[in-house]
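Listed below, chain by chain, are the residues.
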Amino acid sequence: MLVFVTPHQFIDNICKSLVGKVRSDAEAISLIKGMEVKIEGPCLISTYISEQLGINCSVLMGANLASEIAEEKFSEATVGYGNNREIAEQWVQLFTTPYFMVTPVQDVEGVELCGTLKNVVAIAAGFVDGLDMGNNTKAAIIRFGLREMREFCKLLFSSVKDDSFFESCGVADVITTCFGGRNRKVAEAFAKNGGKRSFYELEAEMLQGQKLQGVPTAREVYEVLRHRGLLELFPLFATVHEICSGCLPPSAIVIYSEKKPRLPV
Ligand SMILES: NC(=O)C1=CN([C@@H]2O[C@H](COP(=O)(O)OP(=O)(O)OC[C@H]3O[C@@H](n4cnc5c(N)ncnc54)[C@H](O)[C@@H]3O)[C@@H](O)[C@H]2O)C=CC1
Ligand SMILES: O=C(CO)COP(=O)(O)O
């Protein structure tokens, strides 16, 4: 049983170094929140691992700030699996502890994309904090973000289940990351500096070797949407990338009224 947990920026090289060295009956699980964007289109990390190594790959996502788990404070997580319930049960058994409750969900794409996309929402929440906008604004940003997460998931995979958004991988991870995560923290500093210090510089200074997932994910999501001509339908995701890349000021995160998405609510 192979557990993959690394910033998604490095998965390409890690998989390449493992090709030909893994048994075909090995089972993998990815805890990685992010995705790959190839010329052919977006590729989930679990799919990428599966294709590169020729093995099945499940996912584990959830409201899981590492520092709190290390202190054995209670939290829960979601195992997303494809067809094999038995394997899912094995992963549940492996990860479950008295302070870590794991629930299996047969929706690998929905679970993984929730974990991936919530990092973009957390960047938006950090901007709002850096601008001292207050709790109502942050709650609105979280709601817009959840709505765009749902629409983006369904755009890529019509099989994604609505119920997955109410598991730990969905709304719970959005909440914990928007209040206590590294993406939020660095985005707050970015906004406080008026966008004058880059994410690259702030990440190096504030995280000391740890890696943000939200900034590259916002770019990857943007590429997918631009390629499909759908940027207008995802104003929050698009604006986050445009702010991160310096095209818009951090204050653009709340200039939302004229950009109201034409999505069903
Ligand atoms: N830290 C957290 O609270 C949580 C993290 N995750 C996810 O887990 C994944 C890993 O995150 P973290 O453990 O926080 O990582 P991190 O941000 O602490 O990054 C450090 C890790 O990356 C490795 N690394 C650095 N440069 C590398 C390179 N060139 N090639 C390969 N590996 C390299 C380091 O050895 C180290 O293990 C991410 O996708 C993250 O979203 C999920 C839930 C919670
Ligand atoms: O994924 C996480 C919590 O579930 C961690 O989020 P950050 O990477 O923003 O710290």
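Residues numbered from 1 in each chain as written. Chains lettered and ligands numbered in written order. Predicted model: local features only at pLDDT ≥ 70, side-chain atom pairs only at ≥ 80, totals over all residues. Heavy atoms only, no water.

## Examining the packing of helix α5 (residues 108-130) against helix α11 (residues 235-244)
- Taken N-terminus to C-terminus, the directions of α5 and α11 make an angle of 65 degrees; their axes are 10 Å apart at the nearest point. Along this stretch, α5 crosses α11, giving a crossing that reads as left-handed. Listed contacts from α11 to L117, V120, V121, I123, A124 and F127 of α5 are L236, F237, V240, I243 and C244.
- Residues belonging to the contact of α5 with α11 are distributed by class as follows: eleven nonpolar, no polar and no charged. (Axes fitted to C-alpha atoms, helices over the stretch in contact; angles between N-to-C directions. Helix = DSSP H or I, 4+ residues; strand = E, 2+ residues; numbered from the N terminus. Left-handed = near helix turned anticlockwise from the far one by under 90°. Contact = heavy atoms within 4.5 Å. Nonpolar A, V, L, I, M, F, W, Y, C, P; charged D, E, K, R; others polar.)

## Here we look at the site of ligand 2
- Ligand 2 sits among K33, G62, A63, N64, L65, K118, D173, T177, G181, R182 and N183.
- G62 is positioned such that a nitrogen or oxygen atom in its backbone is 3.0 Å from an oxygen atom of ligand 2.
- Here ligand 2 loses 92% of its free accessible area of 310 Å² to cover by the protein chains.
- For the shell around ligand 2, the elements supplying multiple residues, two or more each, are α7 (168-180) and α8 (182-192).
- Broken down by class, the residue content of the shell around ligand 2 amounts to two nonpolar, five polar and four charged.
- The residue makeup of the shell around ligand 2 includes at least three contributed by each of domain 1 (2-106) and domain 2 (109-259). (Near = heavy atom within 4 Å. Polar contact = N/O pair within 3.5 Å; in protein donor to acceptor, adjacent residues only side chain to side chain. Areas by Shrake-Rupley, 256 points an atom, 1.4 Å probe, with all protein chains shown as cover. Domains from an automatic or database assignment.)

## Digging into the site of ligand 1
- The environment of ligand 1 is formed by 14 residues, the closest being K33, N64, A66, R182 and K211.
- Measuring from an oxygen atom of ligand 1, one finds a backbone N or O atom of K211 at 2.7 Å.
- Split by residue class, the shell around ligand 1 holds seven nonpolar, four polar and three charged.
- Summarising the domain contributions, the shell around ligand 1 has at least three residues from each of domain 1 (2-106) and domain 2 (109-259).

## Some details on a nonpolar patch on the surface
- Where nonpolar side chains cluster on the molecular surface, the patch consists of M1, V3, V5 and L94 and spans about 390 Å² of accessible area.
- Position of V5 relative to the elements: it lies in the loop between β1 (2-4) and α1 (11-18).
- Since its relative accessible area comes to 59%, V5 is described here as exposed. (Patch = residues over 30% accessible without salt bridge, like charges linked within 9 Å, V, L, I, M, F, W, Y side chains within 5 Å. Salt bridge = Lys/Arg side-chain N within 4 Å of Asp/Glu carboxyl O. Buried < 20%, exposed > 50% of the residue type's maximum accessible area, 1.4 Å probe, protein only.)

## Thoughts on the UniProt feature "active site" (unreviewed entry) in the protein
- The positions UniProt marks with the feature "active site" (unreviewed entry) are K118.
- By relative accessible area, which is 5% here, K118 ends up buried.
- Once residues lying within four places of it in the same chain are set aside, the contact partners of K118 are K33, M149, D173, V174 and T177. (UniProt positions renumbered as here; feature names shortened; annotations may be inferred.)

## Observations regarding the domain arrangement of the protein
- Entries for the protein in the domain assignment read domain 1 (2-106) and domain 2 (109-259).
- The distance between the C-alpha centroids of domain 1 and domain 2 comes to 22 Å.
- At the interface, 25 residues of domain 1 touch 31 residues of domain 2.
- Summing the contributions of domain 1 and of domain 2, the shared interface buries around 2,200 Å²; its carbon and sulfur component is 64%.
- By the criterion of area lost to domain 2, the three top residues of domain 1 are K33, M35 and L44, representing 25% of everything that side buries. (Buried area = accessible area lost by both parts, 1.4 Å probe.)

## Here's the deal with the packing of aromatic side chains
- Considering all chains together, one arrives at seven aromatic pairs under this definition.
- When the centroid spacing of 6.2 Å and the interplanar angle of 75 degrees are considered together, the rings of F152 and F237 count as edge-to-face. Separated by 85 residues along the polypeptide, F152 in helix α6 (residues 135-156) and F237 in helix α11 bring together distant segments of the chain. One exposure class covers both F152 and F237, and it is buried.
- By way of ring pairs, the aromatic residues F127, F190 and F199 are connected into one cluster.
- Sitting above the plane of the F179 ring, K138 keeps its charged end 4.0 Å from the centroid. (Phe/Tyr/Trp six-rings, centres within 6.5 Å; stacked < 30°, edge-to-face > 60°. Lys NZ or Arg CZ within 6 Å of the ring centre and 35° of its normal.)

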